[in-house]
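Residue-level listing of the chains:
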Amino acid sequence: DLKIAVIGGGSSYTPELIEGFIKRYEELPVRDIYLMDIEEGKEKLEIVGGLAKRMVEKAGVGINIHLTLDRREAIKDADFVVTQFRVGGIDARIRDEKIPLKYDVIGQETTGPGGFAKAQRTIPVILDVCKDIEELAPNAWLINFTNPAGVITETILKHTNVKAIGLCNVPIGMVHGVAKMLEVDSKRVYIDFAGLNHLVWGTHIYLDGEDITEKLIDSFAGGKSLSMKNIPELPWDPEFIKSLGMYPCPYHRYYYLTDQMLKEQKKEAATVGTRGEVVKKLEKELFELYKDPNLNVKPPQLEKRGGAHYSDAACSLISSIYNDKKDIHVVNVRNNGTIADLPDDVVIETNAVVDKNGAHPITIGHVSPKIRGLMQVVKAYEELTIEAGVRGDYYAALQALTIHPLVPSATIAKKILDDIIEQNKEYLPQY
Ligand code: NAD
Ligand code: G6P
Ligand code: MN
Ligand code: MN
């Protein structure tokens, strides 16, 4: 029988996770799910926990939902720990989005200085969570969603003894995007992915095993249905896509279309608000729905969130580990030579065979210079971000932001960094 601990259990995505375990009840004997949150998240935890309880009752499965503010109780003897927390809450996210915009730099929760700030707040907490796991559940697998997911997973693998796999819904979204374009079932589509979290390229695309990359390239040009709910759907230029010869992820728009995306972000900030401000409202609506005592399934409105379908990926991954399936998932794992152009000890996002011993990435070798440089510089930014986050190292932080491709100079990097530290004081014990 399995015990699952969910750190950040009050998340509005939790009903999807519960649905995923209900659906897999026959193959995955989950008996106890501990939804853990902090005092500030207590009300959300109670609302979403109430819905979770109604969901398992309606489904008639023998899963017990426990709500707790005690992280150690949640983690003790857990088989899987799922991390989906947001340090500082949505208000901190909104600040992350607004600070860079002041300096004409992309303001995004995971990409650029916003992601850097989120990492600095999250690293001390994830290291604490991992200490609890090392002590109370040393054999547990940690499935990490907490963003920036690649950076946080790399922090865990470099600085703790916890077995961890990072997960994101972007690759799944890209598979679904292609399936929709071809009007086929997504099970017939397979994509080779190479890169980093939120910086992943589809290098080859297959339909029923046949390589259709070249045939498909033109279709990515418009790219309408190929974005995510949280990213403006600016179209790709056909010539650009042809010259790239690959399938960029939605987050690549911030790098390849920086000027247009910045304009778009400023327009949004001045009208509907930043994405964080939009999400804050969406979340209020969702929690109103969750309160309804007659609601006992995951409401479709959850799909307005950018992370839709991500918890289902978690349940599927957990089942592959537990059942030793040896099937393929796209995950965040230690490179170990998979991409020859990156160090061994960094985390990459790629296809991996998953069995009871974990995720084994499939060899890639060297990547094309079209993507190599961007991937390497963003990885260097990530490595420095981790150094800064673990040690509170101002110099590493300044270098991280300066080399980031979205930050134009050391001068702007310093201004942004000082703003970030100033506005996040209470969440940065390491500085
Ligand atoms: P949210 O604001 O609802 O946060 C979830 C919960 O975390 C909240 O209830 C909050 O109280 C709690 N929390 C805050 N600090 C905590 C701490 N120290 N310990 C335990 N719980 C704590 O956020 P959300 O929109 O549900 O997203 C949660 C996380 O998952 C974020 O980091 C987000 O970026 C990430 N996410 C990742 C993916 C992905 O593709 N990997 C997809 C969606 C969301
Ligand atoms: C995508 C990303 C997630 C991110 C989410 C944001 O799905 O993969 O990592 O957290 O979007 O969505 P939101 O609705 O919070 O803007
Ligand atoms: Mn993601
Ligand atoms: Mn730069």
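Residues numbered from 1 in each chain as written. Chains lettered and ligands numbered in written order. Predicted model: local features only at pLDDT ≥ 70, side-chain atom pairs only at ≥ 80, totals over all residues. Heavy atoms only, no water.

1. Here we look at the site of ligand 1
Here is step 1 of the chain: Around ligand 1, the surrounding shell holds 27 residues, and the nearest of these are S11, D37, K44, K118 and N147.
Here is step 2 of the chain: One of the side-chain nitrogen or oxygen atoms of E109 is found 3.4 Å away from an oxygen atom of ligand 1.
Here is step 3 of the chain: Between an oxygen atom of ligand 1 and a side-chain N or O atom of K118, the distance comes to 2.8 Å.
Here is step 4 of the chain: Here ligand 1, which alone exposes 860 Å², has 93% of that area covered by the protein. (Near = heavy atom within 4 Å. Polar contact = N/O pair within 3.5 Å; in protein donor to acceptor, adjacent residues only side chain to side chain. Areas by Shrake-Rupley, 256 points an atom, 1.4 Å probe, with all protein chains shown as cover.)

2. Here's the deal with helix α2 (residues 42–59)
Here is step 1 of the chain: A rise of 1.5 Å per residue sets the reference length of α2, with its 18 residues, at 26 Å; its end C-alpha atoms lie 25 Å apart and thus fit the reference within 8%.
Here is step 2 of the chain: Listed as buried for α2 are L45, I47, V48, G49, G50, L51, A52, R54, M55 and V56.
Here is step 3 of the chain: In this structure, the buried residues of α2 make contact with α1 (14–23), β2 (30–36), β3 (64–68) and α12 (275–291).
Here is step 4 of the chain: One or two residues past the end of α2 sits G60, with phi positive at roughly 70 degrees. (Helix = DSSP H or I, 4+ residues; strand = E, 2+ residues; numbered from the N terminus. Expected span 1.5 Å × (residues − 1). Buried < 20%, exposed > 50% of the residue type's maximum accessible area, 1.4 Å probe, protein only. Contact = heavy atoms within 4.5 Å.)

3. Considerations on the coordination of the manganese ion (ligand 4)
Here is step 1 of the chain: The manganese ion (ligand 4) binds to the protein through T402 (O), H404 (O) and V407 (O); the donor distances cover 2.2 to 2.7 Å.
Here is step 2 of the chain: Look at where the donors of the manganese ion (ligand 4) fall in the sequence and you get T-x1-H-x2-V. Comparing H404 with V407 shows no difference in burial state: the two are buried. (Donors = N, O, S within 2.8 Å, 3.2 Å for Na, K, Ca; no water.)

4. Brief notes about the environment of K415
Here is step 1 of the chain: Within the secondary structure, K415 sits in helix α16 (residues 410–423).
Here is step 2 of the chain: Its relative accessible area of 44% is what places K415 among the partly exposed residues.
Here is step 3 of the chain: Each C-alpha atom, one on K415 and one on Y103, is 8.5 Å from the other, the two residues being 312 residues apart in sequence.

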